[in-house]
Amino acid sequence: MNREYYSWDSEHLGRKMELLVFGHAGARALVFPTRVGRFFDFENWHLVDCVKDHLENGWLQLFCVDSIDEESWYNDWAHPKGRIDRHQAYERYLVDEVLPLTRYKNSEMFMMTVGCSFGAFHAMNFALRNPAAVGKVIALSGRYDVTKEVDDFRSLVDDYYDDDVYLNNPSHYLPQVSTGPYLDQLRKMEVIMAVGEEDPFVQNNREFADVLESKGVPSRLDVWPGRWHRARFWRNMLPHYV
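Anyway, here's the lowdown on the structure attached to this text. Computed from a predicted model, the values in this text were never measured in an experiment.

### A closer look at the packing of helix H3 (residues 80-105) against helix H4 (residues 118-129)
Argument step 1. Where H3 contacts H4, the two axes come as close as 12 Å, and the packing angle between them is 70 degrees. Considering their axes alone, H3 and H4 lie roughly perpendicular with respect to each other. For H3 against H4, the interelement crossing comes out right-handed. Between H3 and H4, the residues in contact are His87, Gln88, Tyr90, Glu91, Leu94, Val95 and Leu99 and His122, Asn125, Phe126 and Arg129, respectively.
Argument step 2. Tallied by class, the residues present in the contact of H3 with H4 amount to five nonpolar, four polar and two charged.

Have a look at this one:
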């Protein structure tokens, strides 16, 4: 199986960024790590192995990116405005630096986003904000409202709220979409969510699935029995949805 490592100094982030590529052809998949995770987690947790057949047969190519969550959403000492600004710089890095690499490596037009836990938030938010670039979302055990406190998971913006928070909070901005080219583009996308029935954000998943359905976005929510917020369970989930 093809495996490649890349790193460069990001123009948008002002720091070194790293990523791993697995596979040689097929649908491009932008893979986000979990909360404050690293680009090598998907490999270390054997999530790459569970789609090995897809990679070796040229059906799928993974681009596993690094996170900067410790500088953005989970930067506790920073003002929430600084957190969201840093996240938006991360999105510009993905759009202007990572996506061109994926296209250079692979001429396949179809791209999906994939993520587990907070990586599912990134996968969902990136896809909904860039629907012309993404054809499918696979979001496992995700949260789609960064303002809510659920169990031990706190709000990631404290009591702060502005347009940038709103526009990066899928549970807030998607319900407000009514008509127009943006919604038309979303309706070309497939969204798959999976969560355990005892996972902290199962209700958020159900509510967000209802929003997607109300907008006519092709979507699917699978609620698995038990609590599935662990890598060993994601290894069972992922092959069902790729």
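### Here's the deal with the pattern of salt bridges
Pairs can form between side chains of opposite charge once their charged atoms are near each other.
Argument step 1. Enumeration according to the criterion identifies 16 salt bridges in this entry.
Argument step 2. Ionic pairing is found between Glu56 and Lys52, a salt bridge with its closest N-O pair at 3.9 Å. Placement of the pair is Glu56 and Lys52 together in helix H2 (residues 52-56), with a separation of four residues, close to one helical turn.
Argument step 3. By relative accessible area, which is 41% here, Glu56 ends up partly exposed.

### Some remarks on empty space enclosed by the protein
Argument step 1. Within this structure, the stated rule accounts for four cavities of 30 Å³ or more.
Argument step 2. Approximately 60 Å³ is the volume found for the largest cavity.
Argument step 3. Within the lining of the largest cavity, the residues separate by chemical class into four nonpolar, four polar and two charged.

### Thoughts on the side chain of Asn168
Argument step 1. Looking at the secondary structure, you find Asn168 in the loop between helix H5 (163-166) and helix H6 (170-173).
Argument step 2. Judged by its relative accessible area of 0%, Asn168 is buried.
Argument step 3. Polar side-chain contacts of Asn168 include one of 3.3 Å to the side chain of His87.
Argument step 4. A polar side-chain atom of Asn168 sits 2.9 Å from the main-chain carbonyl oxygen of Asp164.
Argument step 5. Excluding anything up to four places from it in sequence, Asn168 contacts Trp73, Ile84, His87, Gln88, Glu91, Phe121, Asn125, Arg129 and Tyr173.

Conventions we followed
Residues numbered from 1 in each chain as written. Predicted model: local features only at pLDDT ≥ 70, side-chain atom pairs only at ≥ 80, totals over all residues. Heavy atoms only, no water. Axes fitted to C-alpha atoms, helices over the stretch in contact; angles between N-to-C directions. Helix = DSSP H or I, 4+ residues; strand = E, 2+ residues; numbered from the N terminus. Parallel < 35°, antiparallel > 145°, perpendicular 65-115°, else oblique. Left-handed = near helix turned anticlockwise from the far one by under 90°. Contact = heavy atoms within 4.5 Å. Nonpolar A, V, L, I, M, F, W, Y, C, P; charged D, E, K, R; others polar. Salt bridge = Lys/Arg side-chain N within 4 Å of Asp/Glu carboxyl O. Buried < 20%, exposed > 50% of the residue type's maximum accessible area, 1.4 Å probe, protein only. 1 Å grid on protein atoms, 1.4 Å probe; cavity = no way out; pocket = protein on both sides within 12 Å on 5 of 7 lines; lining within 4 Å. Points joined across faces, edges and corners; volume = space filled by probe spheres on them. Polar contact = N/O pair within 3.5 Å; in protein donor to acceptor, adjacent residues only side chain to side chain.

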